[in-house]
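The chain contents come next:
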Amino acid sequence: MHADWDNAHTDFQAPGNRPSAAGLAESESDWRRQLAEAPNGHLLRDNAMLRALASGAPIHLLHLTRSLDAVRRSEQLLASTGCLVGALYCSPLTLSAGGALRPHNLGAHMLESRTTLESRSNSTPLVIEVTPSGPAPAKGLDYLRLGSIHMRTHLAFRHVLTSEEDDQVTRSVVDRVRAAAPFLDTLLRTASGAATANEAFLNDLAATVPVLPYLGYVYFETVAEYLMLHSTSPATRACAERGEMNNRLYKDLAFAAVEGMGVLFDVGRFHPDHARLLGLVGRIEASLTPGVAGYVRRRMSHLFAATALATDQDATAITFHGADLDMLTRAAPSLLGQLLFRDVRLLDRYPQLYHCFEQAKALEAWAYWNSQGIGTPFNGTCPKGEIGINPAYPNARFTVWTARSCERGLVHPVDELVAVPAPRLVPWLVAPLRDRTEEQQWLNRRPVPASGRRSHGG
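Residue positions are given per chain, counting from 1 as you read along its sequence in written order. Reporting in this predicted model follows two pLDDT cut-offs: at least 70 for local features of residues, and 80 or more for side-chain atom pairs to be given and counted; totals over whole chains, interfaces and linings ignore these cut-offs and use all residues. No hydrogens and no water enter the side-chain calculation; it runs on all heavy atoms of the structure.

Colleague: So, the environment of Arg445: which residues are in play, and what are the values?
Modeller: Runs of H or I in DSSP of at least four residues are treated as helices and runs of E of at least two as strands, each being numbered from the N terminus. Among the structural elements, Arg445 can be located in the segment after helix 17 (437–443). Taking the C-alpha atoms as reference points, Arg445 and Asp175, 270 residues apart in sequence, are found 9.6 Å from one another. Residue contacts are counted whenever heavy atoms from the two residues lie within 4.5 Å of one another. Leave out the neighbours within four places in its chain, and Arg445 touches Arg171, Ser172 and Asp175.

Here it is in structure tokens:
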């Protein structure tokens, strides 16, 4: 268990070179050097959030709640699986003169979007002061590396499914891989150093994401990383001077690329083709357009191969054509775990089964963070300012206030609440928000034959 969680965390102060399958053209260390050389690459190891965690001093965090009355009644703030497996979603605040707090640019976006996004309407800002007993390590959780944990949890709790549900999930996952096999093989070939054309790669990617939505997550994180590390706009430079990555870049990208993101932020639906991606990036920052396609092709291919395959495999010797459950279990268990995790959530009964699958992972996460001295875990796909609160952390004091924001964009604590983070998960709230049209089309599909489709080429 501990090794799985170690692998899922990146230490940005002392990064290692995690093992990966053989045959990849570049290692994690190779990519780390390339990322550090980007215009904003220094922020990967030296940013305001990481400095605050390393100081051991009290930190202030912004959280939005739409359940203030329930918080008052229960005196508890509950964790969400949508935040780092089981944390309380926040962004940093910096104490300024007079006791007001300046929000991180991510927090400023959160506050502004309360009037524009349905998911944040009628929300109340809270200020949470966390007083730790000492410094915290700069170890962030990378959800793209949770596959082995999802797999282990699924195997442990699959017997809460009916045999029909279990069969539906297994057949769906295998069919998805078979249908996506041509592009999955392209990813492995590219990660192994083969030449591929940018336009064909992105067009095939866009066509494959609706069949394998997990690729949308990898695609989105890759483009977000590119934007934040390579932007040189005045707004990005101003963020960098404050030790912050510019989160508005990928927020603007997401809301422009996917309809309905304001109701449910679901990057599994992120799948712009080559022309649309260039258009989206051009509207955000025109100077970034020429490099984005090549970056996505190289970086996404590496991320997929490094996080999907078993470390005893050779990426050059694997094909997903004709894949079955045994092959996936042996060669790509982390990919299988990611896919099982997402397909189980499509079951009609999942709102009732949610805690069976998610509570176990949350308990493991809390235990791991406590063993590492992590009271405030953060999103380690990139240390961009998404930070959570470990609700089971025993070595910190928490003080909570309702808050208001002023015309200068500062946050002011108003009334102290009798409430603390609690190690419990909020109920499953996604199902009523999700448009299930594409899901129903998939569930009503014809089974994909074991031979798969012919290769796309490219």
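Colleague: Outline helix 13 (residues 289–308), supporting the account with residue identities and numerical values.
Modeller: The span you would expect from a helix comes to 1.5 Å times its residue count less one. Helix length check: helix 13, at 20 residues, gives a terminal C-alpha distance of 28 Å against a target of 28 Å (1.5 Å per residue), a fit within 8%. Among the 20 residues in helix 13, 17 count as buried, and that is most of the element. Think of it in three bands: residues with accessible area under 20% of the maximum for their type are buried, residues over 50% are exposed, and the middle band is partly exposed, with areas taken using a 1.4 Å probe on protein chains only.

Colleague: Any details on the packing of helix 6 (residues 147–157) against helix 15 (residues 333–344)? Residues and values, ideally.
Modeller: For helices, the fitted line uses only the C-alpha atoms of the stretch in contact; every axis is such a line through C-alpha atoms, and the angle between N-to-C directions lies from 0 to 180 degrees. Direction vectors running N to C along helix 6 and helix 15 enclose 60°, while the axes themselves pass 7 Å from each other. By the angle class used here, helix 6 and helix 15 are oblique. For the pair helix 6 and helix 15, the sense of crossing is left-handed. Packed against helix 6, whose contacting residues are Gly147, Ser148, His150, Met151 and His154, the element helix 15 presents Pro333, Ser334, Leu336, Gly337, Gln338, Leu340, Phe341 and Val344 at the interface. A per-class count over the contact of helix 6 with helix 15 returns six nonpolar, seven polar and no charged. Geometric relationships in this document are graded by angle, where less than 35 degrees denotes roughly parallel, more than 145 denotes roughly antiparallel, 65 to 115 denotes roughly perpendicular, and other angles denote oblique. Here a crossing is taken to be left-handed if its near helix is turned anticlockwise relative to the far helix by less than a right angle, and right-handed if that turn runs clockwise. Under the scheme applied here, ten amino acids are nonpolar (Ala, Val, Leu, Ile, Met, Phe, Trp, Tyr, Cys and Pro), four are charged (Asp, Glu, Lys and Arg), and all others, including Gly, are polar.

Colleague: A description of the packing of aromatic side chains should follow, citing residues and the corresponding values.
Modeller: For Phe, Tyr and Trp, rings pair up if their centres lie within 6.5 Å, where Trp contributes its six-membered ring, and each pair is then called stacked (planes under 30 degrees apart), edge-to-face (over 60) or tilted (otherwise). Scanning the model with the defined rule gives 17 aromatic pairs in all. With a centroid separation of 6.1 Å and 80° between ring planes, the pair formed by Phe220 and Phe265 is classed as edge-to-face. Separated by 45 residues along the polypeptide, Phe220 in helix 9 (residues 214–230) and Phe265 in the loop between helix 11 (248–257) and helix 12 (274–284) bring together distant segments of the chain. Phe220 gets classed as buried once you look at its relative accessible area, which sits at 2%.

Colleague: Help me get a handle on the pattern of salt bridges, residues and values and all.
Modeller: When a carboxyl oxygen of Asp or Glu lies within 4 Å of a side-chain nitrogen of Lys or Arg, that pair is called a salt bridge. If you walk through the whole model with that rule in mind, you get 20 salt bridges. The shortest N-O distance in the salt bridge between Asp30 and Arg33 comes to 2.4 Å. With a gap of three residues between them, Asp30 and Arg33 both fall in helix 2 (residues 28–36), about one helical turn apart. For Asp30, a relative accessible area of 24% translates into the label partly exposed. Among the ionic contacts, a cluster of salt bridges with common partners joins Asp4, Arg152 and Glu364.

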